[in-house]
Amino acid sequence: MLSLLSRLRLSRYYIPALFILDLCILNSAYFIAVWIDYGTFTGSNNTKSMVFVSNAIWVLLAVYHKAYRIQRVEPIIRSINRLISLIIIHSLIIILILIAFDSNFSSYLVYYFTIYSITLILCRYLVLKLARYVRGKGYNFRNVLIFGANTHSVNLAKLFKSDRSLGYRLNGYFDTKKSKLKLSAPFLGGVNEMSYLLKHQEIDELFICTNDISKSLIEQLTHLCEKHMVRASFIPNFQDFVKSKSINIEYYNSLPVIKLRAEPLEHPFHQLLKRVFDIFFSLVVIVFVFPWLFPVIIIAIKLNSNGPIFFKQLRSGEENKSFNCLKFRTMHVNNEADNTQASKNDTRITAVGRFLRKTNLDEFPQFFNVLQGTMSVVGPRPHMLKHTQQYSSLLPDYLVRHYSKPGITGWAQVNGYRGETKELKDMKKRVKFDIYYIENWNFLLDIKIIFLTVYNMIKGDKNAF
């Protein structure tokens, strides 16, 4: 059966079929939800209008968000994460539309969102697993070649050989001369031999990994590929001069511009999504948590030591612009607060302050910073101005962490890098995690960090003091 399907080359219909399947799930979920709530499949005029809007929004988001950009080498979890982000955005837009038009929230909406979310994620996972299973059995594969022998071509050959489910069959590599590097593929000769092979064998793609990026060689290789309908992919050796693994290429008209790192939060839509979430999350905390928590903390601080309830300090924010960061006061009033970090067994910390710092409750006033727009719920933690000045001269990439808004919690903090930085290597690791967050931001990463923060608050963090 698999052999027959492979000969029919049905993989060309893979993306359209996936798109149609998702729309079928969306509409089936509507009918099931209406039947559960109303006992009929017809629903009301309002529900019919809602499902029409839901379909339209899904189509627009799918096109805009590139939801069906599925690559063979992409991990399944990354594709699922992208789908979950799309589901969340889709659901939020529908809810905002209903609020804007003052529509009633019927229980069928809960059924609808739940059914289509779970079904979409489950079906997408099964489809992706099935595709990998088929490729792993040796079907739906692409015949590929490599030109050039360097570390990139060695790693590429290892990847293709180690994971058959990617669906790449490496036939060999070409170069101007045989390399001493050990590629897990046979050496087939130079450009002339490659020309002969492309003419007599069915090859789908050529990966150009050569260190020789002379114009004449590249033109010769691309001409051969185009002549024999072989797709060409060029793998440049950027890592020789760029540390980041998230290089981004943008086009200014027809001019390709290489960005040293990808920054998802540079996208206006992602900025809007993050800002809407920040406002929503902060308002939930302020409305439902502050009324009963704040009075308790305020009384405890006042009874424990003299001084103001809140501690306000200038810290480095987005684009390295300073802002007033709010906290509950956890120390006795002292003259070193703007210069010296809190350390373990620091005598300046009050008894109540030690508890607040241990549980992260001292950071709660920063939700007002989030509403103000100077902070985000999740992002690199803001540092004192003195430390920004100090570490920016010691670590060349330190200021990269200021490309995004600082956060109440962050990726570095949930990975154990919080509190005092006794040695330069501690700050270096913290910066590494902060930059990873900036380069790999997505909505689900923020949700994950929030959950890990709450978990650490309950469990306790040895670096919290």
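Above: the structure in question.
Residues numbered from 1 in each chain as written. Predicted model: local features only at pLDDT ≥ 70, side-chain atom pairs only at ≥ 80, totals over all residues. Heavy atoms only, no water.

Colleague: Can you break down the environment of Gly-138 residue by residue, with the values?
Modeller: Here Gly-138 shows up in the loop between α5 (107-136) and β1 (142-147). For Gly-138, a relative accessible area of 15% gives the class buried. C-alpha separation for the pair Gly-138 and Met-427, spaced 289 residues apart in sequence, amounts to 48 Å. Ignoring anything within four residues of it in the chain, the contact list for Gly-138 reads Arg-164 and Arg-169. (Helix = DSSP H or I, 4+ residues; strand = E, 2+ residues; numbered from the N terminus. Buried < 20%, exposed > 50% of the residue type's maximum accessible area, 1.4 Å probe, protein only. Contact = heavy atoms within 4.5 Å.)

Colleague: Break down the pattern of salt bridges for me, citing the residues and quoting the values.
Modeller: Per the counting criterion, the structure on display carries 9 salt bridges. A salt bridge links Glu-363 to Lys-327, with the shortest nitrogen-to-oxygen separation between them at 3.9 Å. Placement of the pair is Glu-363 in the loop between α11 (351-359) and α12 (366-372) and Lys-327 in strand β8 (residues 322-328), with a sequence separation of 36 residues. The residues Glu-363 and Lys-327 share a single accessibility class, namely buried. The partner of Glu-363 in a salt bridge is Arg-381, and the shortest N-O contact between them spans 3.0 Å. Placement of the pair is Glu-363 in the loop between α11 and α12 and Arg-381 in the loop between β9 (376-378) and α13 (385-392), with a sequence separation of 18 residues. For the pair formed by Glu-363 and Arg-381, the shared burial category is buried. (Salt bridge = Lys/Arg side-chain N within 4 Å of Asp/Glu carboxyl O.)

Colleague: For the packing of aromatic side chains, give the residues involved together with the corresponding values.
Modeller: Inspection of every chain in the model, using the stated rule, returns 23 aromatic pairs. Judged by centre distance (5.4 Å) and plane angle (55 degrees), the rings of Phe-290 and Phe-368 are tilted. Placement of the pair is Phe-290 in helix α10 (residues 290-304) and Phe-368 in helix α12, with a sequence separation of 78 residues. On the basis of relative accessible area, Phe-290 is assigned to the buried category, the value being 5%. An aromatic cluster of three or more residues is present, and its members are Phe-277, Phe-281, Phe-290, Phe-294, Phe-310, Phe-328, Phe-364, Phe-367, Phe-368 and Phe-443. (Phe/Tyr/Trp six-rings, centres within 6.5 Å; stacked < 30°, edge-to-face > 60°.)

Colleague: Got a sec to walk through the packing of helix α9 (residues 268-288) against helix α16 (residues 443-459)? Specific residues and values, please.
Modeller: At a closest axis distance of 11 Å, the pairing of α9 and α16 adopts a crossing angle of 30 degrees. Considering the angle they form, α9 stands roughly parallel to α16. Note that α9 runs across α16; the crossing there is right-handed. Touching Leu-273, Lys-274, Phe-277 and Phe-281 of α9 are Phe-443, Asp-446, Ile-447 and Ile-450, all from α16. When the residues that make up the contact of α9 with α16 are grouped by side-chain class, the tally is 6 nonpolar, no polar and 2 charged. (Axes fitted to C-alpha atoms, helices over the stretch in contact; angles between N-to-C directions. Parallel < 35°, antiparallel > 145°, perpendicular 65-115°, else oblique. Left-handed = near helix turned anticlockwise from the far one by under 90°. Nonpolar A, V, L, I, M, F, W, Y, C, P; charged D, E, K, R; others polar.)

Colleague: Before we move on, can you summarise the nonpolar core with the specific residues and values?
Modeller: With 61 residues, the main nonpolar core has Trp-58, Tyr-112, Tyr-116, Phe-328, Phe-364, Phe-367 and Tyr-437 as its most contacted residues. A total of 8 residues in this core trace back to one element, the largest contributor, which is helix α2 (residues 14-38). Filtering out sequence-adjacent residues up to four positions away, Phe-364 remains in contact with Val-285, Val-289, Phe-290, Leu-293, Phe-294, Phe-328 and Met-457. (Core = buried A, V, L, I, M, F, W, Y, C linked by side-chain atoms within 4.5 Å.)

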